[in-house]
Structures are given as structure tokens and as C-alpha cells.
Amino acid sequence: MELESNADRKFALPVDSEHKATEFRVYSASAPHMRSFHLSWVSFFSCFVSTFAAPPLLPIIRDNLDLTATDIGNAGIAAVSGAVFARIAMGTACDLFGPRLASSALILLTAPAVFLTAISNSAISFLLVRFFTGFSLATFVSTQFWMSSMFSANVVGTANGIAGGWGNLGGGAAQLIMPLVFSLIHKIGATEFTAWRIAFFIPALFQALSAYAVFFLGQDMPDGNYAQLHKSGEKHKDNMSDVLYHAVTNYRGWILALTYGYCFGVELTVDNIIAQYFFDSFHVNLHTAGIIAASFGLANLFSRPGGGILSDIVAKRFGMRGRLWALWIVQTIGGLLCVLLGKVESLSGSIVVMLVFSVFCQAACGLTFGVVPFVSRRYVFHLVFVLLLKVYFT
Amino acid sequence: MATRLFLVATLLLSCLAATSHGEILFSSIKSSLLVSASHRQGVLKAGEDDITLTWSYKSSNLAGTDSTYKTVKLKLCYAPISQKDRAWRRTEDHLKKDKTCQFDIVTKPYKSANNNFTWTIERDVPTGTYFVRAYALNSAGEESGYGQNTNAEKTDDLFEVQAISGRHATLDICSVVFSVFSVVSLFGFFYMEKRKAKASQHN
């Protein structure tokens, strides 16, 4: 059996000794590095859209399914808590099968939950579909894993931050897309209680199609896919229980889990409640509440990537210490703004504070993942524990 | 950044506009109308069943107080049991903020007697327990009097409505078919992947 020589493979971007790209060019879609980036953030974005497709339509859904405030709260918690265990499993899956297969598998397995949301008819079925849809948020792990496989240390913060941020954008985009799709379908002639159901096919189809794109166009590592690399002997297969043991016993993972719980956990909570909050407290209509809610999530376009980029910039001058200080400062400011948001009484004041708060909260998330890849080389399970606790803060 | 400022400015202006209306409290308007609703027995179906409403001026009131009434607006309102654990249906004294009556039935010019209207319950009415309230509006469109088909505690003469499900057979079938297809195509992928891996092993 002959080993294929990789030494003379040509890449569109400059690469290091592991063939990881040392530059990040966002406008490029060249295979394998930038193509992987675009595939991963788009598929992650679609999962976020699906998970947060329900909140902007809740004023209609709560009447159709006769939900109480308690039912709605429980469904919201279910939507983000399923992801905890899914992310643990995802870490293992990425190690064993590679991010391409792992993420496309998860996305296709959770797409039925989104399709079936269209036929839910009770508080329990609504909670179940939101719970299983939420599992798709585990694609975050595959996104970060994939970026860390494709990009070298000097740009990994940027790559992770942008991929994560643009994926999280889905939470904001959903608040804009879903009311729009709903009113279009309603105008065409469907009654309200049917229109929201049909509207759910949009995120479901988008999610399924992104999984196909990842499978057919994606590649696990710069040199190829896991299956071929394993068989040809180029990639060493990790022992799962070893990796798990080393992850759990590394104190850094636990600390990052704690801090991440207080930025990303908060972001998810706000995604879940913000549309209803503005709809009910300030008596704006569904559209307006959706726009305001969307602007929280849409800040992810630049704020989380900004965190990642900031992490790489301070690392150039101050190394890891710079990354950690930046994370602490940004997250603390975010915390203070969160307290302020609770105290503001006027609509316009709330919106302004919410927007500034969103920038700091999401930048802190981006900064966290500027640190995570350095905790360990086999870092996948660190992601897991970093994310494990976040849900308990929601 | 500019769009955000614009959004904030628009919202600020609309807030100012809203506060320039008079704030009418429910506790300040008189119960001056008699309202009754008749319907078939049992739970009413949205989109199918109707209720027949009659309303008239309460003769026990001092004569002359209905001279300001120009129009009557009838609304479908949630009974307390349907408001429980649902803050978006809360009763507030400020009529502009009150969310008890969210469905308009009909608006008619005011007549002191011989009023009736048959209303087919609309398809967007959710499942719940309801009563009917009529507001008498003056020429400025402000509420000056009201009447409801139930008592002040909202416990008598309530009726239940069962909403449409919103589901259709086509929708159900499409959901299931697409779901099954997603899972089946996944197994197709695994199979393809295995075959490719075997092929590269045989190289």
C-alpha cells in the first residue's frame, strides 16, 4: 500500500507544516480552508435559525396551542438544554468520524424535529420539538473543531470567532425571517394558525440543504477526509476515554465553562425571551418586537468576530495573558450593562442598552474561543465542558 | 449605526405620540348597557358556530346620560380562567393597556334599543373561555360607557370556544415525508462514505 505524498500539494492560502492556513481571507471560498469556513458557518447559522424560529412567532403559537407562560418558559429552556449533551456527544463524534460527517449527520437527524414542529398540537409536543431541535446547536462544536483543524494558531481566534459569530447570527436572523415568512403566507390566504406551521418548513429545508452541502463539498482536514486518512495511516485514531479523562481533569476547562456560561448562556436566554418581552411590556406589535429582538442577535455579525479578532491582536503583543485580560475586561463590562438593562424603564432606553450589552456579551464569547484552542491540543472535550455549564446559567 | 439611530428615533417619536392621547380608566366608566349573548349548548367551534348578541341602554340609569354615545363597539373578552398564567391577556385599568378584550366583533352606530347582531366566531380565536363586552364610544372615539353579558366578577354566562387546529392533512404528510427523507438520505451518506474509504484502502 502506497502512501500518497502530500508534500507537493498546492493550496490557495499560505499554510504551515500541518497544512493549516496561516491567513484568513473572508472573501475567498477556496478549497479546502475557506470553503470549510463558509460551509461550517452557514450550516451552524441554519441550526440557530431553526432553534430560535419559534420565539418571534410565539404570540401566534401560544394562542394556537393554548400555552401558558409556564409552558413557554419550559420550552425555551428545553430548546437550549438539549444542546448540552449533544455537544458532549458531538465532541466524541468529531474525534472519531471527523467534523464533516459528524455535523451533517447531526443536522440531518435534527431536521425532522423542525419539520414536525409544523404539526405539533399541544404544550408537550411543542416542548419536545423545541428540545430536539435544540440538539442541532451542537454543530457549534464541529464548527470550532473544523476551524481549529484548518487554521493555524495565529488566525484560529479570528476563524473561530467569525464562524461562531456568524452562526449565532441565526438567532437574530430568525426573529426577522420568521415574522416576514409568516405574514407572506398569511397574506397568500392561510389563516394565522396554519401560516405559522407552513413557515417552519423554511428553516427546516434550509437546514437539510446545508447538511447536504457540508457532506458533498466539505473536507475534514486540509489533506483529506478522516475515513481515507485513517485507512491510509496518516491520521492517528484517538482513544476516547483517554481524551475524556484528560479533559475532565484539566482545571482550565472548568474555569472557561464558568465564564462562558455567563456570556453565551446569557445570550441564549435573551434570544429566547426578548421578542415576547418587548411585545408584552412595551405594547409594540409582532413585527416591531421581531425587529428589536433581531438586532440583539444580529450584532453577532461583528461583535463575536470582533472578540476573536481582538483576542488575536492582543496575543501578538501580550500573548496568552493579553487574551485572558481582554476576556475579563469585556465580560465584566457586559455584566454591568446587563444589570443596567434591567433597570431601564423606557422603550428607547431599553433598546439602546440592549444593543450595547449585546456587543459586549457576544465579544466575550468570541474572546473565550480565542483561549479555548490553547488549553490542549486534543481540545475537543474542553469545548464540551466549556459549554456544559452554560445552560445552567440560562 | 445610522439605521440603529433611526430606529431609536422612530420609536422615541412614536412613544411621544402615544402619550398624547387621553388615558381612560375602566373603573371610571359606567356600566350603562345591557348585553346578552345567546348560542348553542356546549363548546362552540371557531369558524363554525355563531353567537347572537343583543344590547340596549339600561333604563335604570338617569335619562340623558346616553346623549354622548355615538357608536357601540362589541368585543370578545377573556374570562379570568383564560387569563391565568398568561400575562399577555392581563386586565389593566388603563383601557389603552388593557388586554382583556382582544377581538373586535362589530362596531355599530348607537341606538338605545332594538340592537342585535349574529357573529360567526372567527378562525383566529384561540381556545378559551369568553364573555362579550360592549363599549359605548363618544364622538371622539373614547369609551364613555360599557356593558357585558356577565357579572362584575366575570363568573356567569361565560361560553367556551374551541379553536381550529390549523393543521391540514397535506401539511401532516409533507412534514412526515420530509423528515423520513432526511434520515434516509443520511444513511445513504454513511454508505457512500464507507464505500469511498474501502476504495482508498485498496489503492
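Each value, and the rule that gives it
Positions within a chain are numbered from 1, following the residues in the order the chain's sequence is written. Chain A is the first chain written and ligand 1 is the first ligand written, with later ones labelled in order. Per-residue local features are limited, in this predicted model, to residues with pLDDT of at least 70; the limit for side-chain atom pairs, both in listing and counting, is 80 or more; totals at the level of whole chains, interfaces and linings are taken over all residues. The side-chain quantities take in all heavy atoms of the structure and omit both hydrogens and water. Centre distance within 6.5 Å is the pairing criterion for rings of Phe, Tyr and Trp, where only the six-membered ring of Trp is used; planes under 30 degrees apart are then read as stacked, over 60 as edge-to-face, and the remainder as tilted. Working definition: with a 1.4 Å probe on protein chains only, accessible area under 20% of the residue-type maximum means buried, over 50% means exposed, and in between means partly exposed. The numbering of helices and of strands both runs from the N terminus, where a helix is a DSSP run of H or I of at least 4 residues and a strand a run of E of at least 2. UniProt positions are given in the numbering used here, feature names are shortened, and annotations may be inferred rather than shown by experiment. Any two strands are treated as partners once DSSP identifies two or more bridges connecting them. Only C-alpha atoms enter the line fits that serve as axes; for helices the fit covers just the stretch in contact. Angles between N-to-C directions range over 0 to 180 degrees.

**Quick word on the packing of aromatic side chains**
Counting across every chain of the model gives 34 aromatic pairs over all chains. Summarising the aromatic geometry, the rings of A:F131 and A:F132 are spaced 5.2 Å apart at their centres and angled 70 degrees between planes, so their arrangement reads as edge-to-face. Look at A:F131 and you get partly exposed, because its relative accessible area is 26%. Residues A:F215 and B:F189 carry aromatic rings whose centres are separated by 4.0 Å and whose planes lie at 5 degrees to one another, so their mutual orientation is stacked. Placement of the pair is A:F215 in helix 9 (residues 201-217) and B:F189 in helix 3 (residues 169-201), with the two residues belonging to separate chains. Look at A:F215 and you get buried, because its relative accessible area is 2%. Following the ring pairs from residue to residue traces out a cluster consisting of A:F24, A:F37, A:W41, A:F45, A:F151, A:W166 and A:F206.

**Overview of the UniProt feature "transmembrane region" (unreviewed entry) in chain B**
The UniProt entry lists residues 169-192 of chain B under the feature "transmembrane region" (unreviewed entry), expressed in the numbering used here. Secondary structure within residues 169-192 of chain B divides into 100% helix and 0% strand; the distance between the first and last C-alpha atoms comes to 34 Å.

**Things to note about the sheet that holds strand 4 (residues 50-57) of chain B**
Residue and element names in this part refer to chain B. The antiparallel open sheet is built from three strands, whose spatial order is 2-4-7. Both edges of this open sheet fall to strand 2 (33-38) and strand 7 (115-120), since each of them pairs with a single strand only. The average undirected angle you get between the axes of adjacent strands in this sheet is 20 degrees. Here strand 4 pairs with strand 7 via six bridges, running antiparallel. Looking at the pairing, D50 lines up with T120 of strand 7.

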